[in-house]
Amino acid sequence: MSAKADFDLIVVGAGPAGGMTAFTAAQLGLKTILLEEHPEVGTPAHCSGKLQVRAFREFNLPAHLVLNTLQAGAFYAPNGTVARVRRASPDSHVVDRAAFDRWLADQAQQRGADLRTSVRVRGAERLNGVMRVTGECGGRTFSATAPIIVDAEGARPVLPQSLGMHLGRRMVLGLQYQMRDVDLDSEDCPEIYLGSPVAPGFFGWLMPIGGRRARVGVCVDPHKASSAPMHYLTRLMREHPVASRRLRGAVVERKLAGPIPVLTSRARTVTDGVIVVGDAAGQVKATSGGGIYFSLIAARLAAQAAAAYVGGDDTALLRYERLWRRRFGRELRATAMARLAINEMTDAEINAFIGAIASDGALRGMIERLGDTAFQSRLLPPLAARALHPAHLRQLAPPLFKLLRYGLRAWWADGIPAEENGPSNVNG
Ligand SMILES: Cc1cc2nc3c(=O)[nH]c(=O)nc-3n(C[C@H](O)[C@H](O)[C@H](O)COP(=O)(O)OP(=O)(O)OC[C@H]3O[C@@H](n4cnc5c(N)ncnc54)[C@H](O)[C@@H]3O)c2cc1C
């Protein structure tokens with residue numbers, strides 16, 4: 001540790017990325033401080049909480065965080081066609097995000113990390129060879145120093161900009177209600193509602209969270225939507241032929257909302273004395289908006305890099321960059337390509353695509369066997385091969401062609417197509 005610094009490591013933001021960074025760093029013996037702007041870690045929650053079973057195994061997460069377990073999926077096309085898939089074993093759990101974030105922060109504290117809540121960080125600077133963050137806490141100025149900062153601020157970070165980092169991003173806006181007395185088809189089967197009238201640029205969902213409760217939501221791309229997310233959520237709940245039936249007698253328990261950075265540039269996520277992780281670094285799958293698992297992976301790598309950096313290894317930060325990209329960078333690129341292609345599909349093409357899956361048992365079997373909600377790109381090569389089958393060439397070839405065309409264009413344009421990188425015109 002630098003003789004002049006208050007801490008070895010400052011972690012900004014106590015979501016999954018910040019909590020896991022602080023937990024791992026404290027375990028590695030770093031004098032760590034975890035800063036959270038809200039008075040309570042985990043509140044307000046915004047997320048549906050779907051997290052792959054493999055993440056539970058990899059990070060040794062306790063069973064008491066699990067609200068529900070998911071083994072199936074139902075995908076509704078705009079014309080009402082449904083493709084159902086059911087795996088041989090559970091794919092994901094649904095967690096209570098407030099409890100999940102609190103558990104991570106508790107683990108960090110138990111290993112010696114200092115947690116400070118109600119601290120809103122406003123900026124950071126390099127000062128006399130150490131990093132200094134400044135902000136406010138209860139109307140008073142807060143500041144702390146360390147050789148390194150891990151920025152885990154979530155979707156709308158302020159630190160990267162203040163340090164001259166330009167991590168381009170494009171958001172979708174999510175809004176959901178947690179509801180009880182939902183008339184579920186199956187407790188282990190989330191439903192996905194597709195099509196431009198439902199949720200332009202993304203999708204609507206119903207996520208069972210145990211008992212007869214569910215989170216019902218929409219995400220919309222402000223570049224494609226003509227109204228705010230509330231308009232689409234209200235319409236989904238009242239008018240969608242399936243969702244409205246499930247929700248007829250349901251009661252709203254609470255509202256959850258937040259942006260998701262689904263398309264990001266490939267700009268570096270490190271700079272001298274700073275590592276960016278989680279949503280702040282755009283480590284989110286553009287197809288589903290899922291970011292918890294990748295945040296945890298990146299956070300552990302960030303803490304290891306911070307420990308090496310504090311120990312004098314100047315190459316540690318670039319190693320973090322290399323390692324997270326090796327672990328799931330391909331997945332971010334592939335899902336970004338898929339998202340751009342899906343966004344270019346007409347509702348008729350989505351109907352045909354879902355229809356092809358619904359009518360072909362062999363195709364569904366392949367998805368059930370090989371589909372992996374964490375690493376979705378693994379399904380692309382067998383899906384492309386199946387698209388060449390004469391029975392499907394007509395339905396599946398157009399979306400795959402779009403995947404190539406729009407995906408390659410995005411690749412060329414450094415992640416985000418230039419004409420889609422403008423400001424949003426619809427507020428959450
Ligand atoms: C509607 C919706 C549904 C979602 N559903 C899923 C899902 O089912 N599965 C999934 O994997 N992902 C889902 N996501 C995405 C997931 O929530 C994120 O990928 C994940 O939370 C990223 O974790 P994080 O720690 O990077 O950021 P966050 O969880 O956003 O945590 C950031 C933390 O930093 C704090 N903070 C921010 N700025 C400051 C500051 N300047 N000073 C101090 N503290 C600060 C915030 O208060 C917050 O506690 C969903 C997102 C939304 C919006």
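None of these values were measured; they are calculated from a predicted model.

The next thing to look at is the sheet that holds strand β17 (residues 251-264). The strand order across the open sheet formed by seven strands is β6-β5-β14-β15-β16-β13-β17, and the pairing between neighbours is mixed. Across the chains shown, the open sheet's two edge strands, defined by having one partner strand only, are β6 (82-86) and β17. Each strand of the sheet is rotated relative to its neighbour by a mean of 20°, with strand direction disregarded. In this structure, strand β14 (residues 191-193) lies alongside strand β15 (residues 204-210), joined through three bridges in antiparallel fashion. Across the sheet, Y193 pairs through a bridge with G204, a residue of β15. The strands touched by helix α5 (residues 229-239) are β13 (169-180), β14, β15, β16 (213-220) and β17; relative to β16, the strand with the most contacts, the crossing angle is about 135°.

This part takes up the pattern of salt bridges. Summed over the entire model, instances satisfying the criterion amount to 20 salt bridges. In this structure, E40 and R102 form a salt bridge, with 3.4 Å as the shortest nitrogen-oxygen distance. Residue E40 is found in the loop between β2 (32-35) and β3 (50-52), and its partner R102 is found in helix α3 (residues 97-110); the two are separated by 62 residues along the sequence. With relative accessibility at 44%, the residue E40 sits in the partly exposed group. Where R213 meets E253, a salt bridge forms, and the shortest distance between an N and an O atom there is 3.1 Å.

Let us look at the domain arrangement of the protein chain. Splitting the protein chain by domain gives domain 1 (9-48 + 97-168 + 265-328), domain 2 (67-94 + 170-262) and domain 3 (336-420). Here domain 1 and domain 3 have C-alpha centroids that lie 34 Å from each other.

Look at the link from T43 to P44: it is a cis peptide, with omega at 0°. Within the chain, N60 stands out as a residue other than glycine whose phi angle is a positive 55°. Here N60 shows up in the loop between α2 (53-58) and β4 (66-70). Residue N60 is classed as exposed on the basis of its relative accessible area, which comes to 66%.

Procedures and definitions
Residues numbered from 1 in each chain as written. Predicted model: local features only at pLDDT ≥ 70, side-chain atom pairs only at ≥ 80, totals over all residues. Heavy atoms only, no water. Pairing = 2+ DSSP bridges. Helix = DSSP H or I, 4+ residues; strand = E, 2+ residues; numbered from the N terminus. Axes fitted to C-alpha atoms, helices over the stretch in contact; angles between N-to-C directions. Contact = heavy atoms within 4.5 Å. Salt bridge = Lys/Arg side-chain N within 4 Å of Asp/Glu carboxyl O. Buried < 20%, exposed > 50% of the residue type's maximum accessible area, 1.4 Å probe, protein only. Domains from an automatic or database assignment.

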